[in-house]
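Tertiary structure, described
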Amino acid sequence: MDHFLYRDGALYAEDVPVAEIAAAVGTPFYVYSTATLQRHFRLFDEALEGLDHLVCYAMKAASNQAILKTLAQVGAGMDVVSQGEYLRAKAAGVPGDKIVFSGVGKTAEEIRVALSGGIRQFNVESEPEMDVINAVAQELGVIAPITVRVNPDVDAKTHAKIATGKSENKFGIPISRASAVYAHAAALPGLDVIGIDVHIGSQLTELEPFEKAYQKVAELTEQLRSEGHNIRRLDLGGGLGIPYTRSNDAPPLPVEYGALIKKTLGHLGCEIEIEPGRLIAGNAGLLISKVIYVKSGEDRDFLIIDGAMNDLIRPAMYEAHHDIVPVTEPAAGVESQPYDIVGPVCESGDTFAKQREMAPLAADDLIAFRSAGAYGAVMASEYNSRPLIPEVLVHGDQFAVIRARPSFDEMINRDSIPEWL
Ligand SMILES: *Cc1c(COP(=O)(O)O)cnc(C)c1O
């Protein structure tokens, strides 16, 4: 459920008409709902009720400071994958003991910054990384809490670009080598080995791959404990999928996911951490765009819109589907027609949808891409010298620009000219 609904024929974000925001900030832009973000966080928090737990929002999904603050205020921890994300979490007021550092390529500098500023734990992905964390911790005279990310070799049954839990993926250490790697970690004086981490992929639409992975984590917990390791925290990653269409089968609900966690791991007495990103932000955001032209081709009509692949790359990168709806609700009984919906960028890949059935649209009409809150604005670029588009946050009947559109001068003046020119 989200908070983007039609009222009297107009699309609203909570209590604000989307067309009103468009008039104020211009198109294209992203708009997020505070109520939806918080609702999604609470669904996870409630799903783990009864377990000692922390929900760490994976901010790579949508990392605007206002979004982070909105989630931090209701108690979210943060999962970060770079120094920039770590500093964003701190700037949003998240205490270090609620920040988890993931990622395969943490540099010594990133580790130093996190250890100095406070960190809940590092999720370690290799032995060389483990050695560097140990060295930096010793240099700073602190002990670094770590888990080791294990790769359970489970097929997440998702798009190849976002599957991470198979042995051919770059992530984690093979679960078969866990014993040796944990023994290595335990011998390093700068580390406190507190648990196990796993994350098998994103946009999972079934519970079965989670179940397989978590069963392996349960077995590994018992095994490592029998080898003398004090395993007391399990980080189960993110990955729960969201419904991108209204028509197909909905993915499992957070409450079902929580029940699975309790069933597979509840008996171990560990603190449980999860790192959802997409499910918290995805359906909490829309991309709003305007029709520039309706162009009739030989065998099809194109809607050429002012949003493009540089603003929302998911369709080009992952063959992703987004529901696209008009901001003015079509009158009942209006016959739809198929459109190819494309942006102005000079690439055929700049196509959002082919032969999409829509009520007839004309130049200047506004459309909304649903489920655009996660992996949307964060993956945007200025390709074709199209300035990054603004982000807007709605809260009840208020809205605020939370990242302004740069002017063309700002964009151009970011470059500098060498003196020989
Ligand atoms: C991307 C990622 C997440 C979040 O995944 P979602 O599918 O957005 O929930 C969590 N943990 C790690 C380690 C990730 O890389």
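If you're wondering where the values come from, they're calculated on a predicted model, not measured in any experiment.

Each value, and the rule that gives it
- Residues numbered from 1 in each chain as written.
- Predicted model: local features only at pLDDT ≥ 70, side-chain atom pairs only at ≥ 80, totals over all residues.
- Heavy atoms only, no water.
- Helix = DSSP H or I, 4+ residues; strand = E, 2+ residues; numbered from the N terminus.
- Buried < 20%, exposed > 50% of the residue type's maximum accessible area, 1.4 Å probe, protein only.
- Contact = heavy atoms within 4.5 Å.
- Near = heavy atom within 4 Å.
- Polar contact = N/O pair within 3.5 Å; in protein donor to acceptor, adjacent residues only side chain to side chain.
- Areas by Shrake-Rupley, 256 points an atom, 1.4 Å probe, with all protein chains shown as cover.
- Nonpolar A, V, L, I, M, F, W, Y, C, P; charged D, E, K, R; others polar.
- UniProt positions renumbered as here; feature names shortened; annotations may be inferred.

A tally of regular secondary structure across the protein gives 12 helices and 21 strands. Summarising its shape, the C-alpha atoms of the protein cover approximately 70 × 60 × 40 Å along the three principal directions. Buried positions account for 53% of the 421 residues belonging to the protein. If you take every contact in the protein between residues at least 6 apart in sequence, the share linking residues at least 24 apart comes to 70%.

This part is about the side chain of T264. Considering the arrangement of structural elements, one finds T264 in helix α9 (residues 254-265). If sequence neighbours within four positions are ignored, T264 has contacts with E211, Y214, Q215 and A218.

Of all residues adjacent to the ligand, which total 14 residues, the nearest are K60, S202, E275, R278 and Y375. At 2.6 Å, a side-chain N or O of E275 approaches a nitrogen atom of the ligand. In this structure, G277 approaches the ligand through a main-chain N or O atom, which is 2.9 Å from an oxygen atom. A total of 390 Å² of accessible area belongs to the ligand in isolation, and the protein chains cover 93% of it. Classifying every residue of the shell around the ligand by side-chain character gives three nonpolar, six polar and five charged.

Annotation from UniProt places "binding site: substrate" (unreviewed entry) at R278, R314, Y318, E347 and Y375. A maximum C-alpha distance of 27.0 Å shows the annotated residues, which cover 98 residues in sequence, to be distributed over more than one spot. Mapped onto the secondary structure, R278 falls in helix α10 (residues 278-281). Aside from chain neighbours lying at most four places away, what touches R278 is A61, I162, S202, Q203, I242, Y244, N283, R314, A374 and Y375. Turning to its location among the elements, Y318 is positioned in helix α11 (residues 314-318). Discounting chain neighbours no more than four positions away, the residues touching Y318 are H159, K161, I162 and M379.

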